Amino acid sequence: MSSELMIEMKNVHKWFGELHVLNDINLEINKGEKIVICGPSGSGKSTLIRCINRLEEHQRGNIIVEGTELTNDSRSIERIRGEVGMVFQQFNLFPHLSILDNCSLAPIWVRKLPKSEAKDKAMEYLKRVQIDDQAHKYPAQLSGGQQQRAAIARALCMEPRIMLFDEPTSALDPEMIKEVLDVMVGLAQGGMTMIVVTHEMGFAKEVADTIIFMDEGQIVEAKNPKDFFDNPESERTKTFLSQIL
Amino acid sequence: MSAARKEIGPPVIELGTIGWLRKNLFSNWYNSLLTIFGLYLLYILIPPLVNWIFLDANFVGSTRDDCSNEGACWIFIQQNIKLIFYGLYPTEELWRINLVYLILLISGVYLLIPNLRHKGWVGAFLLIIFPIICVVMLSGGFGLEAVETRLWGGLFLTLVIAGVGIVLSLPIGVMLALGRRSKLPVVSLLCTIFIEIWRGVPLITVLFMASNMFPLFMPEGVNFDKLIRALIGVMFFSAAYLAEVVRGGLQAMPKGQYEASQAVGLTYWRMMALVILPQSLKMVIPAIIGSFIAIFKDTTLVLVIGLFDFLGIIQFVGTNPDWLGFSHEGYVFAAAVFWVFCYAMSWYSQRLEKKLDTGR
């Protein structure tokens, strides 16, 4: 099997003050793999994916993304951020820029694409998430679901090799969750390497290669969806599943 | 039973002029009383003022004897207009100042007209080439006769000090604000000390230091122009205030904006220039313009170091034996001119806020 290792986390620890938020995390993610991380709030799942693009700094262990180890060297951070796209719970679009400019900003300034090329590419991705007709509006004029799809397009415009999703549907009204999940499913089918923190178990069942359950900073269980739902081993996983299903 | 929905209008009492008056001026007995009292105040204040400024005033003549003394004597202003506007700048060189004004006016108006092309170039011209033109035109060089800054005065001097102070203090203030929030402890400490020292000292003290103390620390023979020293003082003073205003805007930015910029790979300076500052400066436009207006009016303090700004020179011409006793006219005129400039800034800031509003 010609699996290419994309992300490798070895004995990663992190503390917020005295609080041990990541406790000995070991994880290997291959190209094209889809990982769903779930767990109770405060279990460290967001912190884990935020360590992958250095929005949070891990204090012990190694994180290697596409062969580059994350260190304090700002060039390694920049290189990794260029390869890793991220979608946030609160969308975090830039409210002073149009949707199109939101998407073309980083390609112009980080990838140094010519303006027209960056805008063409932005339109292409906006079309893919089906909001190309909103391209010239400002974020405040869009619904939550449209904003989140725009945020996904913004991340895709950098043509990342890995996508991180941090509870992408938690801030959305129920009727808008599906339109965002549909985009994510499409992306998964296209072969993107994805790590998704979510409580959408339907999505996890349909898309994930591995579901990881985290609690108190540790990876409690990591299994394929069928085993995860049918034969969970640990009591904590069982309790959690009984609460959300 | 299907009752057809009846179209009903608002109560008649709320409509029209009468309705408006009832609602806003006479809604109950004490509001009515206040309205009547307010009208009475206007009645006793406005007519005498209008009489003094316009109806009984004298506009034509050349000496104080042409004034009737019943109203304002605007001949006083008119006869001293050159001093008031330009100070002691040589009369035959005044075209240089006027040319600078004209360039500024044309490019300013160009920038204000919506949807014109090449605004970026005009802006760049104003920020980079125009200051060089100003220095050469105003102080001399390249074949132009040198005009010492001690001859500069009046409204011209006020505009020079306020203009330089305002234009240079904003970028310095932004850098200080970023520095104060820096993660590097030394940078943050230095910026904090700088800001707090300048903010903790009255502008008068700064000007005194600049004009009297500063030369004492300089080696003998080294002589900085007094105006330049005052300009530097005003600039840093204003920058310290602006730094705190800008810092307020930076602190109001949600953390998600920083994270989203970092996640798409923007470096610190690009993140600041493209995402954070455009939003946070927009939030604090009213406070920034407030600072500018304050600095514009504070320039009148340069009188204490012997520079005759607009207000200073008006007071000075009032001591001319030929024109003793016309200080009222001078102060009213000064107030009117100051108001025009300050209101223009205020108007521009409102316009800018509307233009930049993209919702939140």
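Residues numbered from 1 in each chain as written. Chains lettered and ligands numbered in written order. Predicted model: local features only at pLDDT ≥ 70, side-chain atom pairs only at ≥ 80, totals over all residues. Heavy atoms only, no water.

Chemist: Hey, could you go over the overall build of chain A for me, with residue numbers and the actual values?
Modeler: For chain A, the helix and strand inventory stands at nine helices and ten strands. The globule rule puts the C-alpha radius of gyration for 245 residues at 18 Å, and the 18 Å found for chain A is close to it. Along the first, second and third principal axes, the C-alpha atoms of chain A reach 55 × 45 × 40 Å. Within the span of chain A, comprising 245 residues, buried residues form 58% of the whole. In chain A, of all internal contacts separated by at least 6 residues, the share reaching a separation of at least 24 is 64%. Here chain A displays about 10,800 Å² of accessible surface, and carbon together with sulfur accounts for 44% of that area. Averaged over its 28 positive side-chain charges, chain A has a centre that lies 4 Å from the centre of its 36 negative ones. (Helix = DSSP H or I, 4+ residues; strand = E, 2+ residues; numbered from the N terminus. Rg over C-alpha atoms; globule rule 2.2 N^0.38 Å. Buried < 20%, exposed > 50% of the residue type's maximum accessible area, 1.4 Å probe, protein only. Contact = heavy atoms within 4.5 Å. Areas by Shrake-Rupley, 256 points an atom, 1.4 Å probe, with all protein chains shown as cover. Lys, Arg positive; Asp, Glu negative; His and termini not counted. Charge placed at Lys NZ, Arg CZ, Asp CG, Glu CD.)

Chemist: Any chance you could break down the interface of chain B and chain A for me, citing the residues and the numbers?
Modeler: On the side of chain A, 22 residues touch chain B, which itself brings 21 residues to the contact. For the pair chain B and chain A, the summed buried area comes to about 1,900 Å², and 64% of that belongs to carbon and sulfur atoms. Among the residues chain B hides against chain A, the three largest losses belong to B:Ala263, B:Val264 and B:Thr358. Together they make up 29% of the total. The tally of links between chain B and chain A comes to one salt bridge. Salt-bridge contacts for B:Glu259 lead to A:Arg50; the nearest nitrogen and oxygen are separated by 2.6 Å. Linking chain B to chain A there are seven residue pairs in polar contact (both at pLDDT 80 or more). Broken down by element, the residue count for the side of chain B that touches chain A peaks at eight residues, all from helix α11 (residues 255-263) of chain B. Its residues assigned to classes, the side of chain B that touches chain A comprises seven nonpolar, nine polar and five charged. (Buried area = accessible area lost by both parts, 1.4 Å probe. Salt bridge = Lys/Arg side-chain N within 4 Å of Asp/Glu carboxyl O. Polar contact = N/O pair within 3.5 Å; in protein donor to acceptor, adjacent residues only side chain to side chain. Nonpolar A, V, L, I, M, F, W, Y, C, P; charged D, E, K, R; others polar.)

Chemist: Summarise the state of the cysteines; cite the residues concerned and give the values.
Modeler: Scanning the model with the defined rule gives one disulfide over all chains in all. The residue that forms a disulfide with B:Cys67 is B:Cys73, at a sulfur-sulfur distance of 1.9 Å. The sign of the 65° torsion about the S-S bond sets the B:Cys67-B:Cys73 disulfide as right-handed. The exposure class assigned to B:Cys73 is buried, which follows from its relative accessible area of 1%. Left without a disulfide partner, A:Cys157 is nearest to the cysteine sulfur of A:Cys103, which lies 4.5 Å away. (Disulfide = S-S within 2.5 Å.)

What is shown is where atoms sit, not what they do.
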